[in-house]
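What the coordinates show
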Amino acid sequence: MAPDGTAGSTAIPAPPPPPVLVGRAREQAVLRAELTAALSGHGRLVLLGGEAGIGKTSLARDLASEATAHGAYVLPGHCYDLSNAPAYGPWRDLFAGYSPGAPLPAPPAAFAGGRLERVTDRAALFAEVRRFLSNLAAARPTALVLEDLHWADPASVELLGSLAPHVRQWPLLVLATYRADELTRGHPFALQLPALAHVADGVRLDLRRLDAGGLRALVTSRYALTDVDAERLVAYLDRHAEGNPFFATEVLRALEEEGLLRSCDGGWSLGELDRLVVPPLLGQVIDGRIARLGEETRQPLAIAAVIGHEVPLDLWAAVANLDDETLLAIVERAVEAHLMDAVRDGTRVRFVHALTREALYEGVLPPRRRIWHRQVAEHLAAAAHPDPDAVALHFQQAGDPRAATWLARAAERAQRAYAWHTAAERFRAAAAHLDGVSGQERKHRELLFRMAYLVRFSDPVSGIAALDEVERLAARAGDTVQAAEVRYFRGIHLCYADRYRLGLAEQASGIETLETIGPDTAQTPEGFRRWYANVITTTVESDQTGEQLIADRLHAAGYDSRRCVYPWFCASGGQLATAVAVGERFVGAFTGVSGAGGGIRVTAAFAHHGLGIAHAALGRPDRAHEEWTRARALFGEVDHFCLLAFTFLCELRDVALTYRAADLADRRRLAADAEAALGRAGGALQPGLSPRLAWLNCLVADGRWDEADQVLRDLPIPANCYLRREVTAAVATLARHRGDPDAAWNHIQPLFPDGPATEPSDIIHQEGLFLQRLAADLCLDRGDPEGACPWLEAHDRWLSWAGAVLGRAEGEAAWARWHLAAGDPARARARATAALELAAEPDQPLVRLAAHRLLGEIATAGRDHKEAEAHLTSALDLATACAVPFERAQTLLALAALRTAIGTSGAAAALIEEARAICVPLRSAPTLARADALAALLPTRSAAASYPAGLTQREVEVLRLLASHHMDKEIAAALFVSPRTVETHVANICGKLGVANRREAAAAATRLGLV
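Residues numbered from 1 in each chain as written. Predicted model: local features only at pLDDT ≥ 70, side-chain atom pairs only at ≥ 80, totals over all residues. Heavy atoms only, no water.

Let's talk about the environment of Leu689
In this structure, Leu689 sits in the loop between helix H31 (664–680) and helix H32 (696–701). Sequence separation between Leu689 and Pro718 is 29 residues, and the spatial gap between their C-alpha atoms is 7.3 Å. What Leu689 contacts, discounting residues up to four positions off in sequence, is Leu715, Pro716, Pro718 and Leu723. (Helix = DSSP H or I, 4+ residues; strand = E, 2+ residues; numbered from the N terminus. Contact = heavy atoms within 4.5 Å.)

Dropping the structure here:
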């Protein structure tokens, strides 16, 4: 063997040329067209799906060959049929084969040499990969071929999702293949597939089975048969291969090997096919071919199948106990028999198809497979830099208890790479291997605990189930400390899962038990301590003396360090006084202590976060901002990006969009910071969860509803309450304002199982108040004041229970709307005035806006036009200051009603048109209906007098949207008409304006002051 342990002294056969493709002319044409576009600088993502053996690999190889012929750099990455798909598996494979040289760029540091290094910042890693591909494609047009993504890990799919929106800007073609029939609903690639298609403007190709014409093309491309024999063979293939190209090829080879299909006199002849019935199982076809290679080849090939789809020659030789010449002879026969392909570097071979390897593997008796898997694992484990996922897989298949250790190592590697979903699955599998193993009970519980802690942000419900099991086992073992820890952590998971009341009770129970135990007894083991402290990348060096001093202070105060999160969840659930008392006492233990860092230091961040939530609810926005600033500084020290994102989102919702609504830069900065933090923490969140959700409620306020729609289109409902809150608020608000109350109720009712009678402290308190007001508005929208009343009474109860300030002014405004709907304008005026006063200190501009508008509407109805003018002008000024176009539109309509009452119909018409111009792109049907109703009250005027060039109202609407660069389809959706009707309107507009095209019409609209 060669010095490096590979059988490299004798040449092995070169890879075969790309196969002849039949029945795939359309797909081949699409791929080559996209390659041509990519070579000219317009990249594309192509998603190629189909069942096993349908021809995906053949098309991918054909594309790679075509790309190479045109001078493109081809980077292939493969996923293999491992139950333990390693973090970033196909990307590691891709970079392992990358050989940079001037002028090509160096690969991303984390993937250098195909080995995954520590990832401290997932967003930075993704950005580095994007930058590398941009530079590579700029130096040389590039094709990425990522195969079999149905076996990919979540992190790999998310990296592709991060890359996809940028592909169109580069000379880069990305081809991703997958087995559509193996994608379950929860598979990470299935979750990302819709977004990959539309966000990246990707192309989806779904391969179907060959029909008789395709099978005929396959036969005629290979064999010069008479027409009669060709038709007999096509019919035979149609029966036995069922249109699957790979199966059909294997059947044809079997017929050749049996002598029924043979070459003669420059052509081919076909024997009597009734003599041979091809077995229906591919395994039997493959087994027959191996048998013809000889018994001395069968076992080595079976061992290769156990090793995996890609087989390193040195490993194969070691496990099969073969010398170089014997091994190479077997490789040559396998390649000639179309069972294997040789990789160009001479160190590895691959099975020609995953189905070939699967058929070989299934042909090995399970007891023998277990032995070979163990031998493979032992050889892999003895390597200088073993791959823990590969070692763990083979020990798992061998039923060897060493699998648990290697699975845990694989989990830790994935966790260091911020691939938390993969890490959680590895810990789950490791725990399963130790279940019931004597002497490993504590280790078994720790592994389950670590799995549960990793999924707290992405799947707290499954984490709760795991913690339940840990508590049961800890109680059986008499481990009271661990049982108390589990109750505490389960409480955290319950809060994340929108079960605050039970969650807070569980936290309190666990903490109280731990606080009755001495500090030495209650000290968490180092491994647990790191996880508990949320140190994601590396532990921070600290002064142990300082840490101990703080720990002693906390214990003297009766606090275990785990109580740090209690103020956070108390404040979120509405227990504000408790949150402030505990939080301030907790952070006070850190006063005057220098040098404390690491886990003990970061605990203060949770308390500061809770104090921020509490002070915001108590009407102290400046104090809240200070507390969140302190929390972020501490979370930033340990790269805890999830909690950083939560602090930004809480400040955005409870300060920037309430007390500081007129500070546009502040809310947009917080949204951008939250998005960045979520991007960096993506590996800890649900697959497919876009960091753009951080912008949702800014987009709603800013009137960028189409952008909000794009974020929401493929967004799963987050399992974590702090992220779900963002989605619920945006979706329910948009649904109400677009006239879809059922959709709004669908987001409210699950959080209020008892309707208005639902007690507080089971969801985020401020979210509950918002949804109660929204529920009341929905009732009022349908003319049901009686239905709205219990929701507003519940709102009062919740405010009183919590002692909250934030929400009082909005509650008074909501009661004012209720009294107005109930026909009591005097009480409505009193409540709106109270709302205005409450919203002045502390300042809440949007509530002042709503109160002024209500008072203006009440004054208009009471014919007090001067007072109405003052209030509505103030409301309009606030709408301008806060940059909230939808609120502006509502206020414009209120002003239009005042102008109509005064008799200035021209001014009213202009206000209505301005409101319509805002609401048509927003698709706010109820507001547009109100505008139509107001317009119907105006005196009838000729269209020619109202609009230039004789344009009608609808033509002006179309023209305004056209001038805003909307396409016909978008204009049609906004105006609730068909695209054909839009085309007609555009033609009429061009005729009336005397212009030749859409561009000139848009310019005319600007010139005429219509936009």
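Moving on, there is more to tell.
A few points about the packing of helix H8 (residues 227–240) against helix H9 (residues 245–257)
When two helices pack together, their arrangement is given by the angle between the helix axes and the distance between those axes. Between H8 and H9, the least distance of the axes is 10 Å, while the angle of their chain directions is 125°. The angle between the axes of H8 and H9 places the two elements in the oblique class. Considering only the axes of H8 and H9, their crossing is right-handed. Here Leu233, Tyr236 and Leu237 of H8 come into contact with H9, specifically with Ala248, Val251, Leu252 and Leu255. Looking at the contact of H8 with H9 residue by residue, the class counts come to 7 nonpolar, no polar and no charged. (Axes fitted to C-alpha atoms, helices over the stretch in contact; angles between N-to-C directions. Parallel < 35°, antiparallel > 145°, perpendicular 65-115°, else oblique. Left-handed = near helix turned anticlockwise from the far one by under 90°. Nonpolar A, V, L, I, M, F, W, Y, C, P; charged D, E, K, R; others polar.)

Description of a negative patch on the surface
A contiguous patch of negative charge on the surface is contributed by Asp323, Glu325, Glu332 and Glu336. Considering the arrangement of structural elements, one finds Glu325 in helix H13 (residues 324–336). Judged by its relative accessible area of 51%, Glu325 is exposed. (Patch = residues over 30% accessible without salt bridge, like charges linked within 9 Å, V, L, I, M, F, W, Y side chains within 5 Å. Areas by Shrake-Rupley, 256 points an atom, 1.4 Å probe, with all protein chains shown as cover. Salt bridge = Lys/Arg side-chain N within 4 Å of Asp/Glu carboxyl O. Lys, Arg positive; Asp, Glu negative; His and termini not counted. Charge placed at Lys NZ, Arg CZ, Asp CG, Glu CD. Buried < 20%, exposed > 50% of the residue type's maximum accessible area, 1.4 Å probe, protein only.)

Digging into the sheet that holds strand S2 (residues 73–78)
Across the sheet, 5 strands lie side by side as S2-S3-S4-S1-S5; this open sheet has parallel pairing. Two strands in the sheet have a free side with no partner beyond their single neighbour: S2 and strand S5 (203–206). Recorded for the sheet is a direction-independent mean angle of 15° between the axes of neighbouring strands. Direction of pairing for strand S3 (residues 142–147) relative to strand S4 (residues 172–179): parallel, over a ladder of 5 bridges. In the strand pairing of S4, Thr142 is matched with Leu172. The strands touched by helix H3 (residues 89–96) are S2 and S3; relative to S2, the strand with the most contacts, the crossing angle is about 140°. (Pairing = 2+ DSSP bridges.)

Some details on the environment of Val174
Along the polypeptide, Val174 turns up in strand S4. A relative accessible area of 0% means that Val174 is categorised as buried. Along the backbone, Val174 and Glu34 are 140 residues apart, and their C-alpha atoms lie at a distance of 9.7 Å. Excluding residues within four positions of it along the chain, Val174 makes contact with Arg44, Leu45, Val46, Leu144, Leu146, Leu160, Leu163 and Val167.

As for the pattern of salt bridges
Across all of its chains, the model carries 60 salt bridges by this definition. Across the pair Arg490 and Glu471 runs a salt bridge, and its minimum N-O distance is 2.7 Å. In this pair, Arg490 is assigned in helix H21 (residues 480–496) and Glu471 in helix H20 (residues 460–477), connecting sequence segments 19 residues apart. Note on accessibility: Arg490 and Glu471 belong to one class, buried. We note a salt bridge from Asp777 to Arg817, for which the minimum N-O separation is 3.1 Å. Here Arg817 lies in helix H38 (residues 808–821) and Asp777 lies in helix H36 (residues 765–781), a separation of 40 residues in the sequence. Overall, the relative accessible area of 25% leaves Arg817 in the partly exposed class. What you see here is one network of salt bridges that share partners, running through Arg667, Arg668, Arg692, Asp702, Arg704 and Glu707.

Some thoughts on the sheet that holds strand S9 (residues 340–342)
Backbone hydrogen bonds are what pair the strands of a sheet, in a parallel or an antiparallel way. The strand order across the open sheet formed by 3 strands is S8-S10-S9, and the pairing between neighbours is antiparallel. Two strands lie at the open edges of the sheet, namely strand S8 (310–312) and S9, each paired on one side alone. Across the sheet, the mean angle separating the axes of adjacent strands is 30° when strand polarity is ignored. As judged from the 3 bridges shared by S9 and strand S10 (residues 348–351), these two strands associate in the antiparallel manner. Bridging across to S10, Asp341 finds its partner in Arg350. The strands that helix H11 (residues 295–307) touches are S8, S9 and S10; relative to S8, the one it contacts most, it runs at about 110°.

Some thoughts on the confidence of the model for the protein chain
Do not read the fine detail of predicted coordinates wherever pLDDT is low. Averaged over the protein chain, the pLDDT score is 85; the fraction of residues at 70 or greater is 89%. Low pLDDT, under 50, characterises residues 1–18; the predicted model gives this stretch 33 contacts beyond four residues in sequence or across chains. Note on residues 276–280: pLDDT is under 50 here. Beyond four places in sequence and across chains, it has 12 contacts. (pLDDT = per-residue confidence, 0-100.)

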